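# Examination of the molecular architecture
Each chain, written out:
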Amino acid sequence: MRRPFVRLLASSSHQSHAHAVARPPRPPISLDQLFPQRPGVQDDLFAQRRGPRGSLAFPASSGASIQPAAGEHDSAYQQLVRRYLASSDLGDAKSLHLEWIKSGFTSDVFLSNNVVNLYAKAGDLATAAELFDEMPEKDAVSWTCLISGCARHGLCDESCHFFRSMLRSGIEPSQLTFTSVLRACGVSGPDRLLLGTQVHGLISKTSSSISTLVCNALILMYGSCRLDSASHARRVFDWTSEKSSITWNSIISVYSERGDAESAFELFSEMQMGNSGCCLRPDEFTYGSLITATYGCFYACSVLEQMLAYISKSGFSRDLYVGSALVSAFARSGMLDRAKEIFCLLDEKNAVSMNGLMVGLIKRNLGEAAVDVYREARRSVIVNADSYVILLSALSAFSASVEGLGIGREIHGYVIRNRLIEKHVAIGNGLINVYAKYGDVDNAAKVFSLLRVKDQVSWNTMITCLDQNGLSEEALTNFHLMLRNGVLPSKFSVISTLSSCARLRLTNAGVQCHCILTKVGLDMDVSVSNSLLTMYGECGKMSDCWRVFSYMIKHDLISWNSIIGALASNGAFLMDSVRIFLDMMRSGWYPNNVTIINVFAAVSALSDLGMSRQVHNLVLKHRMSEDIVVENSLLSSYSKSGDMDSCERLFYKMADRRNGVSWNSMISGYIQNGLMQKTMDLVYSMIRRGPKMDSFTFATVLSACASLAVLDHGMEIHAFGIRTYLEIDVVVGSALVDMYAKCGRVDYASRVFESMNLRNEFSWNSMISGYARHGNGDEALKLFNKMQSSGQCPDLVTYVGVLSACSHAGLVEEGLEHFESMKNHGLVPQIEHYSCVIDLLGRTGKLDEMEDFIIRMPLRPNDMIWRTVLVACHRSKDGAKREIAKQASKMLLEVEPENPVNYVLISNMFSSKARWEDAARIRKVMQALPVKKEAGCSWVTLQDGLHVFVSGDKSHPNTEKIYAKLHFLIQKIREIGYVPQVDFSLYDIELETKEELLSYHSEKLAVAFVLSHSSTIPIRIMKNLRVCGDCHSAFCYISKIVGRRITLRDSIRFHHFEDGRCSCGDFW
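What counts as what
- In this convention, every chain numbers its residues from 1, walking through the sequence in written order.
- Local features are withheld for residues below a pLDDT of 70 in this predicted model, meaning they are given only at 70 or higher, and side-chain atom pairs are given and counted only at 80 or more; totals for whole chains, interfaces and linings count all residues.
- The side-chain numbers reported here are obtained from all heavy atoms of the structure, hydrogens and water having been left aside.
- Each helix is a run of H or I in the DSSP string that is no shorter than four residues. Each strand is a run of E no shorter than two, and both are numbered from the N terminus.
- Note on classification: 1.4 Å probe, protein chains only; a residue is buried when its accessible area is under 20% of the maximum for its type, exposed when over 50%, partly exposed between these limits.
- Should any heavy atoms of two residues lie within 4.5 Å, those residues are counted as being in contact.
- Under the convention used here, a 1.4 Å probe and the Shrake-Rupley method define accessible areas, while residue burial counts only the protein chains that appear.
- How sure the predictor is of each residue is captured by pLDDT, a score from 0 to 100.
- Strand pairing is assigned whenever DSSP detects at least two bridges linking the two strands.
- Note on geometry: axes are C-alpha line fits, over the in-contact stretch for helices, and angles between N-to-C directions span 0 to 180 degrees.
- When describing relative orientation, an angle under 35 degrees is termed roughly parallel and one over 145 degrees roughly antiparallel, while 65 to 115 degrees is termed roughly perpendicular and anything else oblique.
- Three classes are used: nonpolar for Ala, Val, Leu, Ile, Met, Phe, Trp, Tyr, Cys and Pro, charged for Asp, Glu, Lys and Arg, and polar for all others, with Gly counted as polar.
- Grid spacing is 1 Å over the protein atoms alone, the probe is 1.4 Å, and a cavity is where that probe fits but cannot get out, while a pocket is an open set with protein on both sides within 12 Å along at least five of seven lines and lining residues have an atom within 4 Å of a point.
- Grid points are joined across faces, edges and corners, and a volume is the space filled by probe spheres set on the points.
- Stacked, tilted and edge-to-face pairs are distinguished by plane angle, under 30 degrees for stacked and over 60 for edge-to-face with tilted covering the rest, among Phe, Tyr and Trp rings (Trp via its six-membered ring) whose centres lie within 6.5 Å.
- Only when the NZ atom of a Lys or the CZ atom of an Arg is both within 6 Å of the ring centre and within 35 degrees of the ring normal do we say a charge sits over the ring.
- Patch membership requires more than 30% relative accessible area and the absence of a salt bridge. Residues of like charge join within 9 Å; the nonpolar side chains Val, Leu, Ile, Met, Phe, Trp and Tyr join within 5 Å.
- Salt bridges are counted wherever a side-chain nitrogen of Lys or Arg sits within 4 Å of a carboxyl oxygen of Asp or Glu.
- Counting rule applied: Lys, Arg positive; Asp, Glu negative; His and chain ends not counted.
- In plain terms, the charge of a residue is placed at NZ if it is Lys, CZ if Arg, CG if Asp and CD if Glu.

An unreviewed UniProt entry annotates the protein chain as DYW domain-containing protein originating from Zingiber officinale.

Take a look at the structure:
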């Protein structure tokens, strides 16, 4: 009767194997090396036929008896057996098969087993299985032949399947059967731990449990399947009653593979001391395992020297196996001269010793030296497939990419000529990796597509290649194809796929990948979880990001850095990022430079000077103050917190370490803090003795020039850009267009735009917005049509510029038409676009249409909308629309009650209607606000610097001269028709006082200051608020009497005054 455990083992579902978690296979432990004298299948075959006197006997079937061969048949039988018994050649297998059929021995179990065994040893397992199925009688040896053959050739799943079938057939396994199936479990790794444990249970119920051979196989199986601990293997070792040298070698190799050198050497000592009852002498396999144990030792160099001395005394120093292990170990430990010396002293060299030396050199990033070793040794060594794989990996460590890629192509040609890719998929994988390293994606894809067999490594390498070279969509496509081809993903393919999802912001694809990796059991892998954190963070899914982090069983430093960085990149979670950082410190983790950079990103966005200083102290404490990336982050943090003194001290301290980012951070800091003169001084210093300015620096400085409307500085930067050939860069070109447009020279902006060979959406948007800002609505719409004709699709920013152009030019029908056309481009109007349409209708006095448009808006009106409505009502003379103004005022104070600008607008509206009491009440409420309104000011830039004026300003050194010139100008323009527009003096005072106040507005003082100089430079005045109607009228007259062109930029647009007219046509 079959035992219950056997019944349980035999009924194990094959389906459960199909859904087992696929992990990268560990290198198989060679039983042939560790058990050089172990009995094989052939010994079982001899035992099956050998009679009492050593002569060959005839089989006794468990079923019907078989008649013995006599006479000449007996002689032919013996010759047939002796001729092929020890062979493993496929040709011999076919010959034996033919003789077996011709001689009429097809019913003989012994010869049938020999034929099956010979086919299995030769690797033709399909034929072996076919003959096995045709056998009328099968015994334990028959099954063992097939199980052992599958295990020998790496078909571990098939080996385990046949073992289950053997149990179902009721045949009891032999010791060799157990060792073969345990070998298959060991090669499969952790996936077969359950089956290996069940086999162990079955063994414990048979006489094989005391077999040293079986115990050795159990030790190796547990060593390969239990990666987390060696306890199971050690327990089997301790229970083994008779320990041979192979048993000791097995347990030492288990500890060596885990890097537990201390335990391995303790066992080595016990083995020689004879504590187990006998003293055993170590052999080459013992030394090989001990040498492997030193790989992870902190004191590897010292141990290796002692090992070398001990091995030399034992007489194994020139042994090929031990010598190859020593070469690899010394090379891995960085003792390259010692490794080469041992390699040269070897009496015999083979591919293993050469490969070991090459691997050690590669691990030290000495790819060129590894290639030199190959060139020197290839004439005396027969290289194998692993040699080419290692040689290809050496190319990835080349310092010169051109040379590495060239050698890679030479190897590619050689392996094609010798048809090596067809035989060894690892060589193809190595080629893909080389081409990926040097960015040659096309050749990598060609190699991949021509691989007849693609394993998990092939797919991993190709997906990673595509992801690292920015081809994210192709990476996702290949991941999908890999799944469709039945290849289970590994953590490497999953990490690259999640990276592509993050780059493309494809949340749904990332979630699907998350589901797949959970199904295959990769969700507990720390590196995979870290990639999930990054993906969800990049996609803005902070709740999912936090959920992944909280579910992680174990965190490493990358996990903490990932969650801190994800939260720091989202403005709504800045304080959470700092809180997680504090939790990390309390948990005993020490920050690295990535941690500090992520924390500085959060602190910079918070503009918290106190936090910046605390993190700076932490940087000093952990000795990261000389890390250039950390210092640059510190510069950015201090500058955004407004502490430019600390920035300057740090910047000068790092004089010998500055890079382009350092200079750019400092320049951006000066710009953000309004220190334009220091900005330009630093730019000139960078030009003279700093690193070469890049497109980012140019764009940053040009943006600052545009914001402050300092045309002269902008033109200087443009000139330097021409000299450094950066003008042709599309980013710099777009910044130049924007700078000239915002500095009042839309003609220069147009000239730069037309000279650009390459334009992107920013180039078109800058030019369209420039025309809109200058009131050239027709030019803006022409350019918009040209943009579409060129194939460049408009975006939301484009339509803001187009609608603004229509608004400033009064093009109502065109504006409404373009607003409706947004959906044709798949664009959904945002609140800015609705505000532009409301402004367009309000400017043209269409208040009824404006009111209907607001009612039909799908979005809730915000402060921008209500301010636009209020300005339109203020401009309108229609008293019947008083209710609209009242509603706009009420809603504006509800939406944004603490903004003083809103109170000024409402007060000005009341004042324009002579409702002085209401205006005074509003201004009284405004005075109680914690935030004060920005004072109106105007400024001009002359050769001696920037000059700023406020209304009624008398702080300028040339005040008397300025006011004298202003009085003269007002007198002259009065003579030709100028009349002060006192409606724009929004105070309840006498008429004469109103006229005086209007005369001293900041823009009038600025133009008087410029005209008081004898300079003939163009007059360009900038104002931070909207120009009033009286000043607009006065400038028209002033331009006529002085005969000069005056450019005035207010907060809305540009006004170009010339010969008594303005470019806006009084529609502004």
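There's more to say after this.
Check the secondary structure of the protein chain and you find 59 helices and six strands. Residues counted as buried form 50% of the 1068 residues belonging to the protein chain. Across the protein chain, contacts joining residues at least 24 apart in sequence account for 63% of those joining residues at least 6 apart. A total accessible area of about 50400 Å² is found for the protein chain, and carbon and sulfur atoms account for 52% of it.

The next thing to look at is the confidence of the model for the protein chain. Confidence in the prediction for the protein chain averages 78 pLDDT; 87% of positions are at 70 or higher. Confidence scores differ between elements of the protein chain, with helix 1 (residues 4–10) showing the lowest mean pLDDT of 32 and helix 45 (residues 746–755) the highest of 91. Scored below 50 in pLDDT, residues 1–39 makes 76 contacts in the model with residues more than four places away or belonging to other chains. Across residues 49–72 the pLDDT falls below 50, and counting only partners more than four positions away or on other chains, this stretch makes 24 contacts in the model.

Moving on, we come to the sheet that holds strand 2 (residues 945–950). Reading across from one edge, 2-1-3-4-5-6 is the order of the six strands in this open sheet, with mixed pairing throughout. Pairing within the sheet leaves two strands with one partner each, and these edge strands are strand 2 and strand 6 (1061–1062).

Attention now moves to the pairing of strand 1 (residues 937–942). Among the six residues that make up strand 1, five are buried, leaving the element largely enclosed by the rest of the structure. Note: strand 1 against strand 2, six bridges, orientation antiparallel. Considered in strand 2, the bridge of serine 938 is made with phenylalanine 949. Counting the residues that bridge the hairpin from strand 1 to strand 2 gives two residues.

Further remarks concern the packing of helix 23 (residues 385–395) against helix 26 (residues 425–437). Two packed helices can be described by the angle between their axes and the distance between those axes. Packing of helix 23 against helix 26 brings their axes to within 9 Å, and their N-to-C directions diverge by 5°. It follows that helix 23 is roughly parallel to helix 26 by the angle criterion. When helix 23 is examined against helix 26, the residues Ala385, Tyr388, Val389, Leu392 and Leu395 are found in contact with a partner set consisting of Ala426, Ile427, Gly430, Leu431 and Val434. Its residues assigned to classes, the contact of helix 23 with helix 26 comprises nine nonpolar, one polar and no charged.

A few words on the pairing of strand 3 (residues 1019–1023). Burial runs high along strand 3: five of the five residues are buried. A two-sided burial pattern is seen for strand 3, the buried positions comprising Ile1019, Ile1021 and Lys1023 on one face and Arg1020 and Met1022 on the other. Inspection of the sheet shows strand 1 paired to strand 3 by two bridges, in the antiparallel sense. Residue pairing across strands places tryptophan 939 opposite methionine 1022, the latter belonging to strand 3.

Bringing unusual backbone geometry into the picture now. Its identity as a non-glycine residue notwithstanding, arginine 623 has a phi of 55°, on the positive side. With respect to the element layout, arginine 623 can be found in the loop between helix 37 (609–621) and helix 38 (628–640). Residue classification places arginine 623 among the exposed residues on the basis of a relative accessible area of 78%. Of note in the backbone geometry, aspartate 1059 takes a positive phi value of approximately 55° without being a glycine. In this fold, aspartate 1059 is placed in the loop between strand 5 (1054–1058) and strand 6.

Before going further, it helps to examine empty space enclosed by the protein. Per the stated rule, a full pass over the model turns up seven cavities of 30 Å³ or more. Roughly 130 Å³ of volume is contained in the largest cavity. Considering the residues around the largest cavity, the lining is formed by 14 residues, among which Ala709, Val940, Thr941, Leu942 and Arg1020 are closest to the centre. Secondary structure elements with two or more residues in the lining of the largest cavity: helix 43 (711–723), strand 1 and strand 3. The element that contributes the greatest number of residues to the lining of the largest cavity is strand 1, accounting for four residues. Residue composition of the lining of the largest cavity, by class: eleven nonpolar, one polar and two charged.

To continue, consider the packing of aromatic side chains. Each aromatic ring pair is characterised by the separation of its centres together with the angle its planes make. Within the structure shown, the criterion is met by 19 aromatic pairs. Ring geometry for phenylalanine 753 against tryptophan 764: centres 5.1 Å apart, planes inclined by 75°, an arrangement best described as edge-to-face. Of this pair, phenylalanine 753 sits in helix 45 while tryptophan 764 sits in helix 46 (residues 761–773); the two residues are eleven residues apart in sequence, bridging distant segments of the chain. Among the aromatic residues, those joined into a ring-pair cluster are Trp546, Phe549 and Trp560. Sitting over the ring of phenylalanine 753, arginine 759 keeps its end group 4.4 Å from the ring centre.

The subject of this paragraph is a negative patch on the surface. On the surface, Asp778, Glu779, Glu813, Glu814 and Glu817 cluster together into a negatively charged patch. Only helix 47 (777–789) and helix 49 (812–820) provide two or more residues apiece to the negative patch. It is helix 49 that provides the largest number of residues to the negative patch, a total of three residues. As for its position among the elements, glutamate 814 is in helix 49.

A separate point is the pattern of salt bridges. Taken as a whole, this structure holds 22 salt bridges when the rule is applied. A salt bridge links arginine 579 to aspartate 583, with the nearest nitrogen and oxygen atoms 3.7 Å apart. Note that arginine 579 and aspartate 583 are positioned in helix 35 (residues 574–586) at a spacing of four residues, about one turn of the helix. Classification of arginine 579 by relative accessible area gives partly exposed; the value is 39%. The residue glutamate 820 makes a salt bridge to lysine 823 at a minimum N-O spacing of 3.3 Å. Taking the relative accessible area as the measure of exposure, lysine 823 reaches 54% and is therefore exposed. Beyond isolated ion pairs, a larger network of salt bridges with shared partners links Asp576, Arg579, Asp583 and Arg586.

Tracing the sequence through the fold places leucine 840 in helix 50 (residues 831–843). The exposure class assigned to leucine 840 is buried, which follows from its relative accessible area of 1%. In this structure the C-alpha to C-alpha distance between leucine 840 and alanine 809, which are 31 residues apart in sequence, comes to 8.9 Å. Beyond its immediate chain neighbours, meaning those up to four positions away, leucine 840 contacts Cys806, Ser807, Gly810, Leu811, Val812, Gly815 and Leu816.

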